[in-house]
Amino acid sequence: LIGLEHVLVVAALLFSIGLYVALTRRNAVGVLMGIELMLNSVNLNLVGFARFIEAPNPIDGQVFAVFVITVAAAEASVALALAVAVYRLRQTIDVDRLNLLRW
Amino acid sequence: VDQPAVIVAFYVLAILTLGSALMVGLVRDLIHAVLFLILSFVGVAGLYITLSADFVAVVQILIYAGAVSVLMLFAILLTPRSSRDNAGVSYRAPLSVVAGLVGAIVVFVGLQTDWLVSEDERYDETAREIGLALLDPYVLPFEVASVLLVIAMIGAIVLVRPGSEGES
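Residues numbered from 1 in each chain as written. Chains lettered and ligands numbered in written order. Predicted model: local features only at pLDDT ≥ 70, side-chain atom pairs only at ≥ 80, totals over all residues. Heavy atoms only, no water.

## Concerning the overall build of chain A
Going by this rule: Here a strand is any run of E in DSSP of at least two residues, a helix any run of H or I of at least four, and the numbering for each starts at the N terminus. Put simply, the radius of gyration uses C-alpha atoms, and a globule should come to 2.2 Å times the residue count raised to 0.38. With a 1.4 Å probe rolled over the protein chains alone, any residue whose accessible area is under 20% of its type maximum counts as buried; one over 50% counts as exposed, and the rest are partly exposed. In this description, accessible areas are obtained by the Shrake-Rupley approach with a 1.4 Å probe, and a residue is regarded as covered only by the protein chains that are shown.
Secondary structure summary: chain A contains three helices and zero strands in total. Taken from the N to the C terminus, the helices and strands of chain A come in the order α-α-α. The C-alpha radius of gyration computed for chain A amounts to 17 Å, which surpasses the reference 13 Å derived for 103 residues by more than 25%, pointing to a less compact arrangement than a globule. Over its C-alpha atoms, taken along the principal directions, chain A stretches across nearly 50 × 25 × 25 Å. Among the 103 residues that make up chain A, the fraction classed as buried is 60%. Put simply, chain A shows about 4000 Å² of open surface, and 69% of that area lies on carbon and sulfur atoms.

## Focus: the interface of chain A and chain B
Many descriptions give the size of an interface as the accessible area lost when the pieces come together. What counts is decided by this rule: Two residues form a contact once any of their heavy atoms are found within 4.5 Å. Buried area is a sum: the accessible area each of two parts loses on coming together, probed at 1.4 Å, counted once for each and added. In protein, a polar contact requires one atom able to donate a hydrogen and another able to accept it; more generally it is a pair of N or O atoms within 3.5 Å, and residues adjacent in sequence count only if both atoms are side-chain atoms. Note on residue categories: nonpolar means Ala, Val, Leu, Ile, Met, Phe, Trp, Tyr, Cys or Pro, charged means Asp, Glu, Lys or Arg, and polar means any other residue, Gly included.
Facing the 74 residues of chain A at the interface are 87 residues of chain B. Here chain A packs against chain B, burying approximately 7200 Å² in sum over the two surfaces, 73% of which is carbon and sulfur. There are eight residue pairs in polar contact (both at pLDDT 80 or more) connecting chain A and chain B. If you list the elements that add at least two residues to the side of chain A that touches chain B, you get α1 (4–24), α2 (28–52) and α3 (60–90) of chain A. Across the side of chain A that touches chain B, the residue classes break down as 50 nonpolar, 13 polar and 11 charged.

## As for helix α3 (residues 54–78) of chain B
Owing to its 3.6 residues per turn, the α-helix brings residues three or four apart onto one side. All names here are of chain B. Condition: Any helix carries an expected span of 1.5 Å times its number of residues minus one. Throughout, bend refers to the angle between the axes fitted to the seven residues that end at a position and the seven residues that start at it.
Taking 1.5 Å per residue as the helical rise, α3 with its 25 residues ought to reach 36 Å, and the 35 Å between its terminal C-alpha atoms agrees with that figure. The largest bend along α3 measures about 25 degrees and falls at Q60. All of the buried residues in α3 are V56, A57, V59, Q60, Y64, A65, V68, S69, M72, A75 and I76.

## Observations regarding the side chain of N40(A)
Secondary-structure assignment places N40(A) in helix α2. Given the relative accessible area of 1%, N40(A) is considered buried. Contact partners of N40(A), with chain neighbours within four places excluded, come to L14(A), F41(B), V44(B), Y48(B), Q60(B) and Y64(B).

## Observations concerning the nonpolar core
Definition in use: Among buried residues, those of type Ala, Val, Leu, Ile, Met, Phe, Trp, Tyr and Cys that are joined through side-chain atoms within 4.5 Å constitute a nonpolar core.
In this structure, V29(A), M33(A), L44(A), Y48(B), V56(B) and M72(B) are the most contacted members of the largest nonpolar core, which totals 61 residues. Top element by residues in this core is α3(A). It accounts for 10 residues. In contact with M33(A), other than residues within four places in its own chain, are V24(B), L30(B), A33(B), V34(B), L37(B), M72(B) and I76(B). Core analysis: the next-biggest nonpolar cluster, separate from the first, contains six residues, L19(A), Y20(A), V31(A) and A99(B) among them.

## Brief notes about the pattern of salt bridges
All names here are of chain A. Note the threshold: Salt bridges, as used here, are contacts in which a Lys or Arg side-chain nitrogen is within 4 Å of a carboxyl oxygen on Asp or Glu.
Here the structure, examined in full by the defined rule, presents one salt bridge over all chains. Between D94 and R26 there is a salt bridge, and its shortest N-O distance comes to 2.7 Å. Here D94, found in the segment after α3, pairs with R26, found in the loop between α1 and α2; they are 68 residues apart in sequence, far enough to count as distant. Looking at R26, the relative accessible area reads 22%, which means it is partly exposed.

Right, dumping it as structure tokens:
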């Protein structure tokens, strides 16, 4: 029997893995991969709530998940364009070496 | 959704998703990381299907496994030196402790909270319901999302256009 708790545990584990990836990768594209994993875990939570939670209009969770996917796609395109632009300027997208704004 | 096949599918897909997500963090080559990321996205789409969210699953396959991962592959291939030299990782041990702590707290809170679970079976097909919801209560966010997508597209084109500022 699959319950809400199963979905929550899977999503929480996926979130922590995404956090680990986003924190440890030094390449900007790798950091973006971790962020996408975290967004996916949040979407999994939303869809799980839409399936299991008592609500007057339970489809709202899935609508919200669709909006999150939309915003994530926009965010990914802008972030990758930024990565390419920064690479042209500095020949690197290592986030440890992009310290122009650090005092 | 309580048939044994669905339960088995849920566990297999959960293991697939979490395992390939873990491999994203462990492999050194960024191209391999993107391939594992695609596998993880497909696993999440399968989990959506077991949760009877077929429309969101299709959107997930189309946008994440199709578009976003191809964008990432392009970004990696357009920044060749960086993906070869700086593909490594730093501070593995302390940061894995931090991530594990966050995950443990979220699991604890999720299991402790008394959720208002309903037992009724729902959603034979969701595409119609989502369409109605997008056009009746959520028209304004829907339109704002389309404006956001146009702005993101124009911004991405301006940022990487040859001859723009930074191309020196």
